[in-house]
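Understanding the architecture of this molecule
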Amino acid sequence: MFEYFPTNYIWSLGVAATLNSGGAIDEVDRACRPIREAAEKGDAGTRDLMLSWKKVADQVADQAREAEAAGHLRTAGQKFFRSSVYVCQAERMLSSEDPDRIPFYQQGLDAMQKSFDLIDPATTRVSIPFEGAELPAYFLKARRPDGSPAPTMIMWNGLDSTKEHMYTSGWPQEMAERGIS
(Lines give C-alpha, C1' and ligand atoms only; values in the text may rest on other atoms or scores of the structure.)
Protein backbone atom coordinates (compact mmCIF):
# COMPACT_ATOMS: atom_id res chain seq x y z
CA MET A 1 0.00 0.00 0.00
CA PHE A 2 1.13 3.55 -0.72
CA GLU A 3 2.02 5.11 2.64
CA TYR A 4 1.80 8.88 2.51
CA PHE A 5 1.99 8.83 6.31
CA PRO A 6 4.53 6.06 7.12
CA THR A 7 3.70 6.12 10.85
CA ASN A 8 -0.09 6.31 10.49
CA TYR A 9 -1.65 3.35 8.70
CA ILE A 10 -5.24 4.60 9.01
CA TRP A 11 -4.50 7.96 7.43
CA SER A 12 -2.43 6.31 4.69
CA LEU A 13 -5.32 3.94 4.00
CA GLY A 14 -7.60 6.98 3.64
CA VAL A 15 -5.16 8.56 1.17
CA ALA A 16 -4.97 5.36 -0.89
CA ALA A 17 -8.77 5.03 -0.88
CA THR A 18 -9.13 8.65 -1.95
CA LEU A 19 -6.71 8.24 -4.83
CA ASN A 20 -8.44 5.00 -5.86
CA SER A 21 -11.78 6.83 -5.79
CA GLY A 22 -10.87 9.64 -8.16
CA GLY A 23 -8.97 12.05 -5.96
CA ALA A 24 -6.35 14.19 -7.72
CA ILE A 25 -2.86 13.63 -6.34
CA ASP A 26 -2.07 17.36 -6.19
CA GLU A 27 -5.23 18.11 -4.21
CA VAL A 28 -4.64 15.14 -1.89
CA ASP A 29 -1.07 16.30 -1.31
CA ARG A 30 -2.30 19.82 -0.50
CA ALA A 31 -4.67 18.32 2.08
CA CYS A 32 -2.04 16.03 3.62
CA ARG A 33 1.15 18.09 3.59
CA PRO A 34 0.07 20.45 6.43
CA ILE A 35 -0.81 17.54 8.76
CA ARG A 36 2.28 15.34 8.44
CA GLU A 37 3.36 16.17 11.98
CA ALA A 38 -0.12 15.44 13.38
CA ALA A 39 -0.08 12.05 11.63
CA GLU A 40 2.91 11.01 13.70
CA LYS A 41 0.75 11.36 16.83
CA GLY A 42 -1.56 8.57 15.65
CA ASP A 43 -5.28 9.20 15.86
CA ALA A 44 -4.84 12.28 18.04
CA GLY A 45 -4.96 14.58 15.04
CA THR A 46 -8.20 13.51 13.36
CA ARG A 47 -9.67 16.99 13.75
CA ASP A 48 -6.50 18.36 12.10
CA LEU A 49 -7.08 15.96 9.22
CA MET A 50 -10.70 17.03 8.85
CA LEU A 51 -9.84 20.73 8.83
CA SER A 52 -7.02 20.31 6.31
CA TRP A 53 -9.09 18.14 3.97
CA LYS A 54 -12.10 20.45 4.37
CA LYS A 55 -9.98 23.39 3.25
CA VAL A 56 -9.09 21.59 0.01
CA ALA A 57 -12.64 20.25 -0.46
CA ASP A 58 -13.97 23.80 -0.07
CA GLN A 59 -11.46 25.13 -2.61
CA VAL A 60 -12.44 22.45 -5.13
CA ALA A 61 -16.17 23.11 -4.52
CA ASP A 62 -15.55 26.83 -5.08
CA GLN A 63 -13.84 25.97 -8.38
CA ALA A 64 -16.83 23.77 -9.25
CA ARG A 65 -19.24 26.64 -8.68
CA GLU A 66 -17.10 28.91 -10.87
CA ALA A 67 -17.01 26.29 -13.63
CA GLU A 68 -20.78 25.79 -13.37
CA ALA A 69 -21.40 29.55 -13.60
CA ALA A 70 -19.19 29.66 -16.71
CA GLY A 71 -21.24 26.86 -18.29
CA HIS A 72 -18.52 24.20 -17.92
CA LEU A 73 -20.88 21.64 -16.45
CA ARG A 74 -18.76 18.53 -16.93
CA THR A 75 -15.79 20.19 -15.23
CA ALA A 76 -18.07 21.44 -12.45
CA GLY A 77 -19.54 17.98 -11.92
CA GLN A 78 -16.08 16.39 -11.75
CA LYS A 79 -14.94 18.95 -9.20
CA PHE A 80 -18.05 18.48 -7.05
CA PHE A 81 -17.37 14.74 -7.20
CA ARG A 82 -13.77 15.16 -6.00
CA SER A 83 -14.87 17.57 -3.27
CA SER A 84 -17.32 14.94 -2.02
CA VAL A 85 -14.59 12.26 -2.10
CA TYR A 86 -12.34 14.39 0.10
CA VAL A 87 -15.11 15.18 2.58
CA CYS A 88 -16.31 11.58 2.81
CA GLN A 89 -12.83 10.21 3.46
CA ALA A 90 -12.00 12.82 6.11
CA GLU A 91 -15.40 12.67 7.81
CA ARG A 92 -15.00 9.01 8.67
CA MET A 93 -11.92 9.83 10.77
CA LEU A 94 -13.88 12.07 13.16
CA SER A 95 -15.20 10.89 16.48
CA SER A 96 -18.93 10.19 16.43
CA GLU A 97 -19.13 12.77 19.24
CA ASP A 98 -17.59 15.57 17.14
CA PRO A 99 -20.23 18.31 16.69
CA ASP A 100 -18.96 19.04 13.17
CA ARG A 101 -19.27 15.46 11.93
CA ILE A 102 -22.89 15.62 10.73
CA PRO A 103 -22.58 19.04 9.03
CA PHE A 104 -19.32 17.92 7.41
CA TYR A 105 -20.96 14.70 6.15
CA GLN A 106 -23.87 16.76 4.81
CA GLN A 107 -21.36 18.88 2.89
CA GLY A 108 -20.14 15.69 1.20
CA LEU A 109 -23.69 14.57 0.42
CA ASP A 110 -24.52 17.97 -1.10
CA ALA A 111 -21.39 17.96 -3.28
CA MET A 112 -22.15 14.41 -4.43
CA GLN A 113 -25.72 15.38 -5.34
CA LYS A 114 -24.41 18.31 -7.40
CA SER A 115 -22.14 15.85 -9.18
CA PHE A 116 -25.13 13.59 -9.93
CA ASP A 117 -27.15 16.55 -11.17
CA LEU A 118 -24.40 17.70 -13.53
CA ILE A 119 -22.71 14.55 -14.83
CA ASP A 120 -24.47 11.43 -13.54
CA PRO A 121 -28.25 11.78 -13.85
CA ALA A 122 -28.57 7.97 -13.98
CA THR A 123 -27.78 7.83 -10.25
CA THR A 124 -30.51 8.78 -7.79
CA ARG A 125 -30.93 8.71 -4.04
CA VAL A 126 -33.39 6.11 -2.81
CA SER A 127 -34.60 4.73 0.52
CA ILE A 128 -34.79 1.00 1.10
CA PRO A 129 -37.35 -0.20 3.67
CA PHE A 130 -35.61 -2.35 6.27
CA GLU A 131 -36.96 -3.68 9.57
CA GLY A 132 -39.33 -0.79 10.18
CA ALA A 133 -36.84 1.87 9.11
CA GLU A 134 -35.32 3.11 5.88
CA LEU A 135 -31.76 2.79 4.65
CA PRO A 136 -30.52 5.58 2.39
CA ALA A 137 -28.87 4.34 -0.78
CA TYR A 138 -27.82 5.26 -4.29
CA PHE A 139 -29.43 3.59 -7.29
CA LEU A 140 -27.69 3.49 -10.64
CA LYS A 141 -30.07 2.26 -13.31
CA ALA A 142 -28.42 0.05 -15.91
CA ARG A 143 -29.51 0.36 -19.53
CA ARG A 144 -29.56 -2.95 -21.39
CA PRO A 145 -29.04 -2.98 -25.16
CA ASP A 146 -32.19 -5.02 -25.78
CA GLY A 147 -34.31 -2.78 -23.53
CA SER A 148 -35.12 -5.61 -21.12
CA PRO A 149 -35.35 -4.89 -17.40
CA ALA A 150 -32.01 -4.99 -15.65
CA PRO A 151 -31.58 -7.09 -12.53
CA THR A 152 -30.76 -5.10 -9.41
CA MET A 153 -28.02 -5.93 -6.94
CA ILE A 154 -28.02 -4.41 -3.47
CA MET A 155 -24.60 -4.00 -1.92
CA TRP A 156 -24.14 -3.28 1.79
CA ASN A 157 -20.70 -2.32 2.85
CA GLY A 158 -19.54 -2.54 6.41
CA LEU A 159 -17.11 -1.46 9.07
CA ASP A 160 -16.47 2.26 8.80
CA SER A 161 -17.28 2.88 5.16
CA THR A 162 -20.39 4.50 3.74
CA LYS A 163 -22.53 4.29 0.62
CA GLU A 164 -20.48 7.21 -0.71
CA HIS A 165 -17.31 5.14 -0.46
CA MET A 166 -18.99 2.35 -2.42
CA TYR A 167 -20.24 4.76 -5.07
CA THR A 168 -16.89 6.51 -5.54
CA SER A 169 -15.08 3.17 -5.78
CA GLY A 170 -16.55 2.72 -9.25
CA TRP A 171 -18.30 -0.52 -8.31
CA PRO A 172 -21.86 0.63 -9.20
CA GLN A 173 -20.68 2.05 -12.53
CA GLU A 174 -18.95 -1.21 -13.39
CA MET A 175 -22.09 -3.21 -12.55
CA ALA A 176 -24.23 -0.87 -14.71
CA GLU A 177 -21.85 -1.37 -17.65
CA ARG A 178 -22.46 -5.11 -17.23
CA GLY A 179 -26.24 -4.62 -17.31
CA ILE A 180 -26.92 -4.78 -13.59
CA SER A 181 -28.58 -1.90 -11.70
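Our structure's up above, just so we're on the same page.
Conventions adopted
- Residues numbered from 1 in each chain as written.
- Predicted model: local features only at pLDDT ≥ 70, side-chain atom pairs only at ≥ 80, totals over all residues.
- Heavy atoms only, no water.
- Salt bridge = Lys/Arg side-chain N within 4 Å of Asp/Glu carboxyl O.
- Buried < 20%, exposed > 50% of the residue type's maximum accessible area, 1.4 Å probe, protein only.
- Phe/Tyr/Trp six-rings, centres within 6.5 Å; stacked < 30°, edge-to-face > 60°.
- Helix = DSSP H or I, 4+ residues; strand = E, 2+ residues; numbered from the N terminus.

**Examining the pattern of salt bridges**
Inspection of every chain in the model, using the stated rule, returns eleven salt bridges. Put simply, Glu164 and Lys163 hold a salt bridge, and the shortest N to O gap is 2.8 Å. Given a relative accessible area of 1%, Glu164 falls into the buried group. Residue Glu174 is joined to Arg178 by a salt bridge in which the shortest nitrogen-to-oxygen separation is 2.9 Å. Where salt bridges share partners, they join Arg47, Asp98 and Asp100 into one cluster.

**Examining the packing of aromatic side chains**
In total, this model carries nine aromatic pairs according to the counting rule given. Consider the rings of Phe81 and Tyr167, whose centres lie 6.3 Å apart with planes at 65°: the pair is edge-to-face. Taken as a pair, Phe81 in helix α5 (residues 73–91) and Tyr167 in helix α7 (residues 163–168) lie far apart in primary sequence, 86 residues in all. When sorted by exposure, Phe81 lands in the same class as Tyr167, which is buried. Judged by centre distance (5.2 Å) and plane angle (75°), the rings of Phe116 and Tyr138 are edge-to-face. Residue Phe116 is located in helix α6 (residues 101–119), and its partner Tyr138 is located in strand β2 (residues 133–140); the two are separated by 22 residues in the primary sequence.

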